[in-house]
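The chain contents come next:
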Amino acid sequence: MRGFGTAAVVAGILAIAGCGGGGGGSTPTNPTPTNNDPITITIVGVKGKQSFSPNPADVPAGRMVVFKNNDTVTHHVVLDDLSIDAGNIAPGATSRALALGGVNKPYHCANHPSMVGSLNTAATPEPPPCTGYCG
């Protein structure tokens, strides 16, 4: 009888451990973006104020920006005051990361001046994500 009781206890422990929290949930396969990930502004074509998406772009202080060219021609994004120049961006390419967080300024394509956009920013950077107990 003693062997039967031990076996029942072991079986019960294994059953509880095998549940793993239940609920059928799983770990997400898509990582959550962090505050270090650059914000992507997509170049969609020579369409005036609709040339960039999103427009205006909300870029909190401390965040980087990249321009991704989804058009079929080369574009050259610069801030209107010429303080930052993304250089030529070929079709399908992405610009280098630019420190535009904290800047409230308009920008345009130097190759196509009718392509205009603007950056709106928050005054302070977003807080870092919670990594421990967050209750």
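As a starting point, this report considers the structure included with it. (Residues numbered from 1 in each chain as written. Predicted model: local features only at pLDDT ≥ 70, side-chain atom pairs only at ≥ 80, totals over all residues. Heavy atoms only, no water.)

**Observations regarding the overall build of the chain**
Counting its secondary structure elements, the chain contains one helix and eight strands. Counted from the first residue to the last, the chain has its helices and strands arranged as α-β-β-β-β-β-β-β-β. Here the chain holds 135 residues, and 26% of them are scored as buried. For the chain, long-range pairs separated by at least 24 residues make up 61% of all intrachain contacts whose partners lie at least 6 apart in sequence. Here the chain displays about 8,600 Å² of accessible surface, and carbon together with sulfur accounts for 60% of that area. (Helix = DSSP H or I, 4+ residues; strand = E, 2+ residues; numbered from the N terminus. Buried < 20%, exposed > 50% of the residue type's maximum accessible area, 1.4 Å probe, protein only. Contact = heavy atoms within 4.5 Å. Areas by Shrake-Rupley, 256 points an atom, 1.4 Å probe, with all protein chains shown as cover.)

**Here's the deal with the side chain of S95**
Tracing the backbone through its elements, the reader meets S95 in the loop between β6 (85–89) and β7 (106–109). Given a relative accessible area of 9%, S95 falls into the buried group.

**Remarks on unusual backbone geometry**
At the junction of S53 and P54, the peptide bond is cis and its omega measures out at 0° in the coordinates. Along the chain, P54 falls in the loop between β2 (52–53) and β3 (57–58). The backbone phi angle of L82 is positive, close to 65°, even though this residue is not glycine. Examined against the element boundaries, L82 turns out to sit in the loop between β5 (75–79) and β6.

**Description of the sheet that holds β7**
Reading across from one edge, β3-β8-β7-β5-β6 is the order of the five strands in this open sheet, with mixed pairing throughout. Looking along the sheet, the strands with just one partner apiece sit at the ends: β3 and β6. In terms of strand pairing, β5 meets β6 through three bridges, oriented antiparallel. Bridging from a neighbouring strand, V78 pairs with D85 of β6. (Pairing = 2+ DSSP bridges.)

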